[in-house]
Amino acid sequence: MVISKKLIPRELLPKGANLTLLGLDVSEEGWAVGAEGNGIAVCPGCGVRSKSRHSRYKRSLQDLPVQGTPVTVQLQMARWRCGNRRCSRKIFTARVPKVAAPWSRRTNRLQEVVRLIGHGVGGWPGERLMSRLGMPVSDDTILRAVKRINLNAGAVPLRVIGVDDWAWKKGQTYGTILVDLERGGVIDLLPERSAESLA
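Now for a quick tour of the structure.

Rules used throughout
- Residues numbered from 1 in each chain as written.
- Predicted model: local features only at pLDDT ≥ 70, side-chain atom pairs only at ≥ 80, totals over all residues.
- Heavy atoms only, no water.
- Helix = DSSP H or I, 4+ residues; strand = E, 2+ residues; numbered from the N terminus.
- Buried < 20%, exposed > 50% of the residue type's maximum accessible area, 1.4 Å probe, protein only.
- Contact = heavy atoms within 4.5 Å.
- 1 Å grid on protein atoms, 1.4 Å probe; cavity = no way out; pocket = protein on both sides within 12 Å on 5 of 7 lines; lining within 4 Å.
- Points joined across faces, edges and corners; volume = space filled by probe spheres on them.
- Nonpolar A, V, L, I, M, F, W, Y, C, P; charged D, E, K, R; others polar.
- Core = buried A, V, L, I, M, F, W, Y, C linked by side-chain atoms within 4.5 Å.
- Patch = residues over 30% accessible without salt bridge, like charges linked within 9 Å, V, L, I, M, F, W, Y side chains within 5 Å.
- Areas by Shrake-Rupley, 256 points an atom, 1.4 Å probe, with all protein chains shown as cover.
- Salt bridge = Lys/Arg side-chain N within 4 Å of Asp/Glu carboxyl O.
- Axes fitted to C-alpha atoms, helices over the stretch in contact; angles between N-to-C directions.
- Parallel < 35°, antiparallel > 145°, perpendicular 65-115°, else oblique.
- Left-handed = near helix turned anticlockwise from the far one by under 90°.

1. Focus: the overall build of the protein chain
Right, on to step 1. Secondary structure summary: the protein chain contains four helices and eight strands in total.
Right, on to step 2. Ordered by position from N to C terminus, the α and β elements of the protein chain give β-β-β-β-β-α-α-α-β-β-β-α.
Right, on to step 3. Counting the 199 residues in the protein chain, one finds 36% classified as buried.
Right, on to step 4. Across the protein chain, the fraction of contacts at a sequence separation of at least 24, relative to all contacts at a separation of at least 6, is 45%.

As structure tokens, then:
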């Protein structure tokens, strides 16, 4: 027995996100989901809540695909005035931490997929795989996502480290990858594979 379920546009938005669905546009390029960010208007500099809206702006975020078709979330966000005279920030943007990090061009859930694929297969193979899955991302972006992993190395000392070759460009340029074997994460990527660089 096949149970068919009609797609509800609201389901295209990240779960738990404080967003209001504005509309949905489907074209040959993919799906464009219009949404309004209801982010908290709290100044990230001083922590004071604001009620004075300054302006609005649009933010475009790449998201997970729908059956191999790319999805873009077109967010309408607000800029706010900080009412704290001692704060260095006069204007700030509302944050939507459950959707995307500040200045990110991808949603958190897509960024996690980019990081996992980069960690598993690397740059060029990851770029080809993500393109086939409807999530086109460059190999450089994938490598940056792998390098950005925060293991809180300062809080927990590193005890067991794995060292191996890393192919920046297959057959041309190699580097060194350092891995925390206890926590299973990348510590650093070195631009070459010499003993001096490793030391």
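2. Let's talk about the layout of surface pockets
Right, on to step 1. One number sums up the size of the largest pocket: a volume of about 290 Å³.
Right, on to step 2. If you trace the largest pocket, you find 15 residues lining it, with Ser104, Gln111, Arg144, Ala145 and Arg148 closest to the centre.
Right, on to step 3. Of all elements in the fold, only α1 (108–121) and α3 (139–147) reach the threshold of two or more residues within the lining of the largest pocket.
Right, on to step 4. Ranked by residues supplied to the lining of the largest pocket, first place goes to α1 with four residues.
Right, on to step 5. For the lining of the largest pocket, the class distribution of residues is five nonpolar, four polar and six charged.

3. Details of the nonpolar core
Right, on to step 1. If you look at the biggest cluster of nonpolar residues, it comprises 25 residues, and the most contacted ones within it are Leu19, Leu75 and Val99.
Right, on to step 2. For this core, the secondary-structure elements that each account for two or more residues are β2 (30–37), β3 (53–66) and β4 (69–81).
Right, on to step 3. In terms of residues, this core owes the most to one element, β4, which gives six residues.
Right, on to step 4. In terms of nonpolar packing, the next biggest core, distinct from the first, is built from eight residues, Leu110, Met135, Ile142 and Ala145 among them.

4. Topic: a nonpolar patch on the surface
Right, on to step 1. A cluster of nonpolar side chains, contributed by Leu158, Ile161, Val163 and Leu198, occupies part of the molecular surface with about 310 Å² of accessible area.
Right, on to step 2. Within the element layout of this structure, leucine 158 appears in the loop between α3 and β6 (161–169).
Right, on to step 3. Residue leucine 158 is classed as partly exposed on the basis of its relative accessible area of 31%.

5. Structural notes on the pattern of salt bridges
Right, on to step 1. In this structure the tally under the stated criterion is four salt bridges.
Right, on to step 2. Residue aspartate 63 pairs with arginine 109 through a salt bridge whose shortest N-O separation is 2.6 Å. In this pair, aspartate 63 is assigned in strand β3 and arginine 109 in helix α1, connecting sequence segments 46 residues apart.
Right, on to step 3. On the basis of relative accessibility, which here comes to 28%, the residue arginine 109 falls in the partly exposed class.
Right, on to step 4. Notably, a salt bridge pairs arginine 193 with aspartate 165, separated by 3.2 Å at the nearest N-O pair. Of this pair, arginine 193 sits in the loop between β8 (185–190) and α4 (195–198) while aspartate 165 sits in strand β6, and the two are 28 residues apart along the sequence.
Right, on to step 5. Here arginine 193 falls in the partly exposed class, since its relative accessible area comes to 48%.
Right, on to step 6. A relative accessible area of 44% means that aspartate 165 is categorised as partly exposed.

6. Brief notes about unusual backbone geometry
Right, on to step 1. Positive phi outside glycine occurs at glutamine 67, with the angle close to 50°.
Right, on to step 2. Overall, glutamine 67 belongs to the exposed group, its relative accessible area being 81%.

7. Points about the packing of α1 against helix α2 (residues 123–132)
Right, on to step 1. Orientation of α1 relative to α2, taken along the N-to-C sense of each, is 135°, at an axis distance of 8 Å. Accordingly, the angle class assigned to the pair α1 and α2 is oblique. Taken as a pair, α1 and α2 cross one another with a handedness that is right-handed. Of the residues in α2, those in contact with Leu110, Val113, Val114, Ile117 and Val121 of α1 are Gly123, Pro125, Gly126, Leu129 and Met130.

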